[in-house]
Amino acid sequence: MIGVGVVGYGYWGPNLVRNLADITDARLVSVCDLMTERLAPVKARYPTVDITADFDEMLQDPRIDAIAIATPVSTHFRLAMMALMAGKHVFVEKPMAATTEEARRMVEEAARRGLVLAVDHTFVHTGAVRKMREIAERDLGEIYYYDSVRVNLGLFQHDVSVVWDLAVHDLSIMDYVLDEKPVAVSATGMSHVPGEPENIAYLTMFYESKLIAHVHVNWLAPVKVRRTLIGGSNKMIVYDDLEPSEKVKVYDKGITLNGNPQKNGEKVYQMLVGYRTGDMHAPQLDISEALGRELREFLHCVETGARPIADGNAGLRVVRILEAATQSLAQRGRVIELEKARLIA
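Residue positions within a chain follow its written sequence, with the count starting from 1. Per-residue local features are limited, in this predicted model, to residues with pLDDT of at least 70; the limit for side-chain atom pairs, both in listing and counting, is 80 or more; totals at the level of whole chains, interfaces and linings are taken over all residues. Computation of side-chain values: all heavy atoms of the structure, hydrogens and water removed.

**Notes on the overall build of the protein**
Comment: elements are numbered from the N terminus, with helices defined as DSSP H or I runs of at least four residues and strands as E runs of at least two. Helix and strand content of the protein: nine helices and 15 strands. The globule rule puts the C-alpha radius of gyration for 345 residues at 20 Å, and the 22 Å found for the protein is close to it. In terms of its C-alpha atoms, the protein occupies a principal-axis envelope of roughly 80 × 45 × 45 Å. Categorising residues by exposure relies on relative accessible area from a 1.4 Å probe, with only protein chains included: less than 20% of the type maximum marks a residue as buried, more than 50% marks it as exposed, and the intermediate range marks it as partly exposed. Classification of the 345 residues of the protein by burial places 51% in the buried group. As displayed, the protein has an accessible area near 16,900 Å², and 52% of this comes from carbon and sulfur atoms. Measuring between centres, the 39 positive side-chain charges of the protein sit 3 Å from its 46 negative side-chain charges. Atoms counted for the radius of gyration: C-alpha only. Globule rule: 2.2 Å times residue count to the power 0.38. Here, Shrake-Rupley sampling with a 1.4 Å probe gives the accessible areas, and only protein chains in the shown set may cover a residue. Positive residues here are Lys and Arg, negative ones are Asp and Glu, while His and the chain termini are left out of the count. To locate a charge, the coordinates of NZ of Lys, CZ of Arg, CG of Asp or CD of Glu are taken.

**Quick look at helix H5 (residues 100–113)**
The span expected for a helix works out to 1.5 Å for each residue beyond the first. With 14 residues, H5 ought to run about 20 Å at 1.5 Å a step, and its terminal C-alpha atoms sit 20 Å apart, in line with that. Within H5, the full set of buried residues consists of Thr-100, Ala-103, Arg-104, Met-106, Val-107, Glu-109 and Ala-110. Contact definition: two residues touch when any of their heavy atoms are within 4.5 Å. In this structure, the buried side of H5 is in contact with helix H4 (73–85), strand E5 (89–93), strand E6 (117–120) and helix H9 (312–330). Where H5 ends, the next residue or the one after it, Gly-114, has phi of about 70°, a positive value.

**Some words on the sheet that holds strand E7 (residues 143–153)**
Within the open sheet, the nine strands sit side by side as E14-E13-E12-E11-E7-E10-E9-E8-E15. Their pairing is mixed. Only two strands of the sheet have a single neighbouring strand rather than two, namely strand E14 (272–281) and strand E15 (336–337). Its contacts with the sheet put helix H6 (residues 127–138) on E7, strand E11 (220–232), strand E12 (236–240) and strand E13 (248–258), and the angle it makes with E12 is roughly 175°. Between N-to-C directions, angles span 0 to 180 degrees; the directions come from axes that are lines fitted to C-alpha atoms, helices contributing only their stretch in contact. Along the sheet, helix H7 (residues 162–177) contacts E7, strand E9 (200–206), strand E10 (212–218), E11 and E12; its crossing angle with E10, the most-contacted strand, is approximately 150°. Two strands pair if DSSP finds at least two bridges between them.

**As for the pairing of strand E1 (residues 2–7)**
For E1, the buried fraction is high: six of the six residues fall into the buried class. Inspection of the sheet shows E1 paired to strand E2 (residues 26–32) by six bridges, in the parallel sense. Of the residues in E2, the one forming a bridge with Val-7 is Cys-32. A right-handed crossover is one whose linking path, passing over the helix from the first strand to the second, runs clockwise when the strands point away from the viewer. Tracing the backbone out of E1, into helix H1 (residues 13–22) and back to the parallel element E2 gives a crossover that is right-handed.

**Details of helix H8 (residues 290–304)**
For H8, built from 15 residues, the straight-helix expectation of 21 Å at 1.5 Å per residue is met to within 8% by its first-to-last C-alpha distance of 21 Å. For H8, the full list of buried residues reads Ala-290, Leu-291, Gly-292, Glu-294, Leu-295, Glu-297, Phe-298, Leu-299, Cys-301 and Val-302. Lining the buried residues of H8 we find E1, H1, E2, strand E4 (66–69), E5 and E6. Looking one or two places after H8, you find Gly-305, whose phi comes out positive at around 85°.

**Describing the layout of surface pockets**
By volume, the largest pocket amounts to about 1,300 Å³. Put simply, the grid is 1 Å and covers the protein atoms alone, a cavity is a trapped set of points that fit a 1.4 Å probe, a pocket is an open set with protein on both sides within 12 Å along at least five of seven lines, and lining residues have an atom within 4 Å of a point. Around the largest pocket, the lining is made up of 42 residues, and of these Tyr-11, Trp-12, Glu-93, Gln-157 and Asp-165 lie nearest the centre. Taken together, the elements giving at least two residues each to the lining of the largest pocket come down to H4, E7, H7 and E11. Its residues assigned to classes, the lining of the largest pocket comprises 21 nonpolar, ten polar and eleven charged. Estimates place the volume of the second largest pocket at around 340 Å³. Around the second largest pocket, the lining is made up of 21 residues, and of these Thr-126, Gly-127, Lys-247, Ile-287 and Ser-288 lie nearest the centre. Along the lines of polarity and charge, the residues of the lining of the second largest pocket split into nine nonpolar, six polar and six charged. Grid points are joined across faces, edges and corners, and a volume is the space filled by probe spheres set on the points. Residue type decides the class: Asp, Glu, Lys and Arg count as charged, Ala, Val, Leu, Ile, Met, Phe, Trp, Tyr, Cys and Pro as nonpolar, and the leftover types, Gly among them, as polar.

Nothing here speaks to function; it is all geometry.
Spelled out as structure tokens, the structure:
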């Protein structure tokens, strides 16, 4: 069995603990949190699990092979680097770090030590997003756009903007579903609470091809919306994560370009646009819990040395876009070119 420790028992930590306790191939050894009052429910529900407020104690525990980090973003780099340098595999909440440089150093440290570094991009493990990737590779044809709306009323974060809180989900989905990676980003947004980070933002990602991606995130919407459209030359996808069933719908709709360039007086080109309307179908999806699937994959990678779907390089690519979007926000939407990240093979 692979021994695992969890650091951080606030918002997401209980979900990690619950899933790890249910995985037969894992042994949940210890849970750590500086706020010791949070740990009482752990001991009550899992009496064999150790609780501690001392992260060093967890690092020195020989029973622990891997550490799952579910703490504020600003602490990810320090805790992950300490764990890696102690020889522990790391599963870290998203976004994996506060800066591209921090993310890069984490990737390099894990590679140098031969350790698994996985980032909790939970959505890429859902049946819906895995099915979208399959459809995008097989049926969509040339992909024209990715358009997403992810809005709700609250929950305001004091340490990160709405971009780092909500847009990170779409950026991780895009990184997984789309083969092509963006080359530039523009972002605009606004804070309506004095002294607090942006609570509404619009991100546009540019690619070398004609693909364009747009993400709208908002903490001030009166309703909760989680809807994504992906348009291709052959088919189109509508993904609504709030649908109880039929979360993914595939439409055989699009445009057809007819005609060839002609010279006819002043008309250099004559092009006719036709519209194609076909059937819609909703594929059957795997409904197993994504986090449980993700943690089982992480443990399998620890055991075999395989690479996780959302490895450190995937996390680095997402942080790179988040950092560029933050720069663009500060400059009222200026287009920020994305430097190619030095990814570790």
